[in-house]
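Survey of secondary and tertiary structure
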Amino acid sequence: MNNDSIVAKIDALKKAKGAVILVHNYQLGEIQDIADFVGDSLELSQKAAATRAKLIVFCGVHFMAETAAIIAPGSKVVLPDLHAGCPMADMITADGLRRMKEQLPGRPVVCYVNSTAEVKAESDICCTSANAVKVVESLPDEEVIFVPDQYLGYYVQQQTGKRIHFWPGYCPTHARILPEHILSLKAEHPAAMAMVHPECRPEVAAVADAVLSTGGMIRYAKQPEIKEFIVGTEMGIIHRLRKENPGKKFYPVSEQAVCPNMKLITLDKVLYSLETEAHEVTVSEEVAEKAKRAIERMLEIA
Ligand code: 13P
Ligand code: SF4
């Protein structure tokens, strides 16, 4: 079957089943093009919380589908490829976090949504890259445990002036982006603004003009007076940036900034998920109840 016929089948089945297709900004272009909604992690959680759809086909990675399953208990959530995980989320376990809490009693735990439901269940409040600074600022405490992304934690520490206790997690895709990538593109395109994701190393953020979530980058690129951008995050976002801003120029920092997990979702897998309702993502009631509190606390602030 060619892509056009797969897309036509997806469209028809989606309507027949009352399903909604939620797609992250890093997905392949052809997946973004069949979405009901494309967004960053925060926007996708907000959409999941608001939907009445019986079936959510989540095109992203496992923790995102899991978050949707927790906050949309009335919907069945399927992930077209269950191998689409997030190595950063796998760098911390609930046991590891419990041990950290024992060593640092009394400090609230802020958990980046790039984590498993079990880790969220051990946390006081979640955050995404779009609201991490706001979430930490909202807490009365001057010291906070922040897991699992050390680089986002470092950025939050810089922005809030609070003392952050880090977990040494990181995103392997963003860690491949180096300051020299930004600096050489800046030399080549002096009028371009460099926007980078806060999962990048601090030395990369230091040479950027703006540090933004993927949704923040989409909004930043719409400013009429800026025409050229250096983009320091996963390559998939370039498709949406170019599509929504014809005539503007976007320079990806590195061809190596690709998240292999995000790319596991393909059109034929989406069609299979719609046809068979495979592969459902579920969370035990006990874990979901605790994790939901941390996610909802974040959504109240956002
Ligand atoms: P955003 O929340 O900015 O979309 O980022 C999610 C992510 O996984 C970044 O690597
Ligand atoms: Fe995880 Fe990094 Fe992929 Fe985002 S880009 S899903 S943090 S591995």
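This text follows the structure it describes.
Structural notes, computed from the coordinates. (Residues numbered from 1 in each chain as written. Chains lettered and ligands numbered in written order. Predicted model: local features only at pLDDT ≥ 70, side-chain atom pairs only at ≥ 80, totals over all residues. Heavy atoms only, no water.)

**Concerning the overall build of the protein**
Counting secondary structure elements, the protein contains 15 helices and 12 strands. For the protein, the C-alpha radius of gyration of 19 Å lies close to 19 Å, the compact-globule estimate for 302 residues. Referenced to the eigenvectors of the C-alpha coordinate spread, the extents of the protein come out at roughly 55 × 55 × 30 Å. Relative to its full complement of 302 residues, the protein shows a buried share of 56%. Residue pairs at least 24 apart in sequence account for 61% of intrachain contacts in the protein once pairs closer than 6 positions are excluded. Just so you have it, the protein exposes about 12900 Å², and 50% of that area is on carbon and sulfur atoms. Of note, the protein has its 33 positive side-chain charges centred 3 Å away from the centre of its 39 negative side-chain charges. (Helix = DSSP H or I, 4+ residues; strand = E, 2+ residues; numbered from the N terminus. Rg over C-alpha atoms; globule rule 2.2 N^0.38 Å. Buried < 20%, exposed > 50% of the residue type's maximum accessible area, 1.4 Å probe, protein only. Contact = heavy atoms within 4.5 Å. Areas by Shrake-Rupley, 256 points an atom, 1.4 Å probe, with all protein chains shown as cover. Lys, Arg positive; Asp, Glu negative; His and termini not counted. Charge placed at Lys NZ, Arg CZ, Asp CG, Glu CD.)

**Brief notes about the pairing of strand β12 (residues 249-252)**
Looking at chain direction, strand β11 (residues 228-232) and β12 are connected through four bridges and run parallel. Bridge pairing links Phe229 to Phe250 in β12. Handedness of the crossover is the feature at issue here: the chain leaves β11, passes through helix α13 (residues 237-244), returns alongside β12, and the resulting connection is right-handed. (Pairing = 2+ DSSP bridges. Right-handed = clockwise from strand over helix to strand, strands pointing away.)

**So, helix α10 (residues 179-188)**
Of the residues making up α10, those classed as buried are Pro179, Ile182 and Leu185. Along the long axis of α10, the arc covered by the buried residues comes to 140°, so they all point the same way. Away from its buried face by more than 90 degrees, α10 exposes Ala187 and Glu188. Summarising the contacts, the buried residues of α10 are in contact with β9 (193-196), α11 (202-205), β11 and β12. (Arc of directions from axis to C-beta.)

**Considerations on the pattern of salt bridges**
Side chains bearing opposite charge may pair, as long as their charged atoms lie close to each other. What the rule picks out here adds up to 17 salt bridges. Between Arg98 and Asp95 there is a salt bridge whose closest N-O contact spans 2.7 Å. Linking Arg98 with Asp95, this pair stays in helix α5 (residues 94-103), spanning three residues, or about one helical turn. For Arg98, a relative accessible area of 34% corresponds to the partly exposed category. Note that Arg240 is salt-bridged to Glu244, the shortest N-O span being 2.7 Å. Of the two residues, Arg240 and Glu244 both sit in helix α13, four residues apart, roughly one turn of that helix. According to the relative accessible area criterion, Arg240 is buried, its value standing at 14%. Take Glu244: its relative accessible area is 32%, and that puts it in the partly exposed class. (Salt bridge = Lys/Arg side-chain N within 4 Å of Asp/Glu carboxyl O.)

**Describing the site of ligand 1**
In the vicinity of ligand 1, the contacting residues are His24, Tyr26, Asp40, Ser41, Asn114, Ser129, His174, His197, Glu199, Ser213 and Thr214. The contact in question runs from an oxygen atom of ligand 1 to an N or O atom on the side chain of His24, over 2.7 Å. His197 is positioned with one of its side-chain polar atoms (N or O) 2.8 Å from an oxygen atom of ligand 1. With the chains in place, 95% of the 300 Å² that ligand 1 exposes on its own is no longer accessible. Tallied by class, the residues present in the shell around ligand 1 amount to one nonpolar, eight polar and two charged. (Near = heavy atom within 4 Å. Polar contact = N/O pair within 3.5 Å; in protein donor to acceptor, adjacent residues only side chain to side chain. Nonpolar A, V, L, I, M, F, W, Y, C, P; charged D, E, K, R; others polar.)

**Re the pairing of strand β3 (residues 55-59)**
Counting buried residues in β3 gives five out of five residues, a clear majority hidden from the surface. In β3, alternate side chains face the same way, and those of Leu55, Val57 and Cys59 on one face and Ile56 and Phe58 on the other are all buried. Bridge count between strand β1 (residues 19-24) and β3: five bridges; the pairing is parallel. Bridge assignment links Ala19 to a residue of β3, and that residue is Leu55.

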